[in-house]
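# A closer look at the structure
Spelled out from the first residue to the last, the chains are:
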Amino acid sequence: MSTLSTYTYPLVGKLAVRDIGQEHVLADLKGPRVIQAVHAQLKGEERYAHSKVLLTAFFDAEAQPCIWTPIVNFFGTGPEPYDYRSYPLGYKEGEGYCYFPMPFRQRGRLVVKNEGTRPARLAYRVVHAPAAELPPNTMLFHCKYRREEVCRTFDYPLLEATGAGRFLGAALLIDDAW
């Protein structure tokens, strides 16, 4: 796994061999804490293996996952990953990173599941730190993946949400299968 910075990170896990349909917990943390970074490098034998390993995260008492996305899309790239760098997200030499802060008060749980047809290997680390006190207006991080097999309308909604929050962006990726 390549080094993306000079910081020393507490490791939650180093390597997981993902069997088909099996879930693996990357982190199960008690709060209050802030996840400061997520790094991952996935190797798989099938086409689009990066899109077939699903990342979910639950923060506090949320009934639905706060994060629900193929792991490659979580890092801002598509089914065939390409290298790019920005401050909050990037993908370099096969390793994705996310530096969006993910605070929670009681519990934070990150899980991956291989939904592909062949095993995949995942090297990862989750960087986190205690949060002495989170302000009452602290919002939870949310990241959702949407997909349409064949777009039947040009009026495709990028965001459907309720409540307070900040919109940080969207990635529109097209896989031209023609």
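Before reading further, recall that the structure is shown in the block above.
These lines cover the structure that appears in this document, whether it is placed above or below.

Okay, unusual backbone geometry next. The amide bond that connects G31 to the next residue, P32, takes the cis arrangement and shows omega of 5°. Summarising the element assignment, P32 is placed in the loop between strand 2 (23–30) and strand 3 (33–44). The backbone of Y48 sits at a positive phi, close to 60°, despite the residue not being glycine. As for its position among the elements, Y48 is in the loop between strand 3 and strand 4 (53–59). With a phi close to 55°, D60 is a non-glycine residue in the positive phi region. Position of D60 among the secondary structure elements: in the loop between strand 4 and strand 5 (67–70).

Our focus in this paragraph is the pattern of salt bridges. Across all of its chains, the model carries four salt bridges by this definition. When the shortest N-O distance is used, the salt bridge between R107 and D28 registers 2.8 Å. Of this pair, R107 sits in strand 10 (residues 107–114) while D28 is found in strand 2, placing the two residues 79 residues apart along the sequence. For D28, a relative accessible area of 43% corresponds to the partly exposed category. Where E46 meets K52, a salt bridge forms, and the shortest distance between an N and an O atom there is 3.0 Å. Overall, E46 belongs to the buried group, its relative accessible area being 13%. By relative accessible area, which is 29% here, K52 ends up partly exposed. Salt bridges sharing common partners tie together D28, R107 and R109.

With nine of its 12 residues buried, strand 3 lies for the most part within the structure. Taken together, the three bridges between strand 3 and strand 9 (residues 102–104) define a ladder with antiparallel strand orientation. Looking at strand 9, one finds that R33 is bridged to F104. As paired elements, strand 3 and strand 8 (residues 95–98) share four bridges and run antiparallel to each other. The residue bridging H39 from the neighbouring strand is Y97, located in strand 8.

What counts as what
- Counting restarts for each chain: residues are numbered from 1 in the order of the written sequence.
- With pLDDT at 70 or above as the cut-off, local features in this predicted model cover only qualifying residues; side-chain atom pairs require 80 or more to be listed or tallied, and sums for whole chains, interfaces and linings still use all residues.
- The basis for the side-chain values is all heavy atoms of the structure; hydrogens and waters are excluded.
- Secondary structure is summarised from DSSP: a helix means a run of H or I of at least four residues, a strand means a run of E of at least two, and numbering begins at the N terminus for each.
- For this document, the term salt bridge refers to a Lys or Arg side-chain nitrogen within 4 Å of an Asp or Glu carboxyl oxygen.
- When a residue's accessible area, from a 1.4 Å probe over protein chains only, is under 20% of the maximum for its type it is buried; when over 50% it is exposed; and in between it is partly exposed.
- At least two bridges found by DSSP between two strands is the condition for calling them paired.

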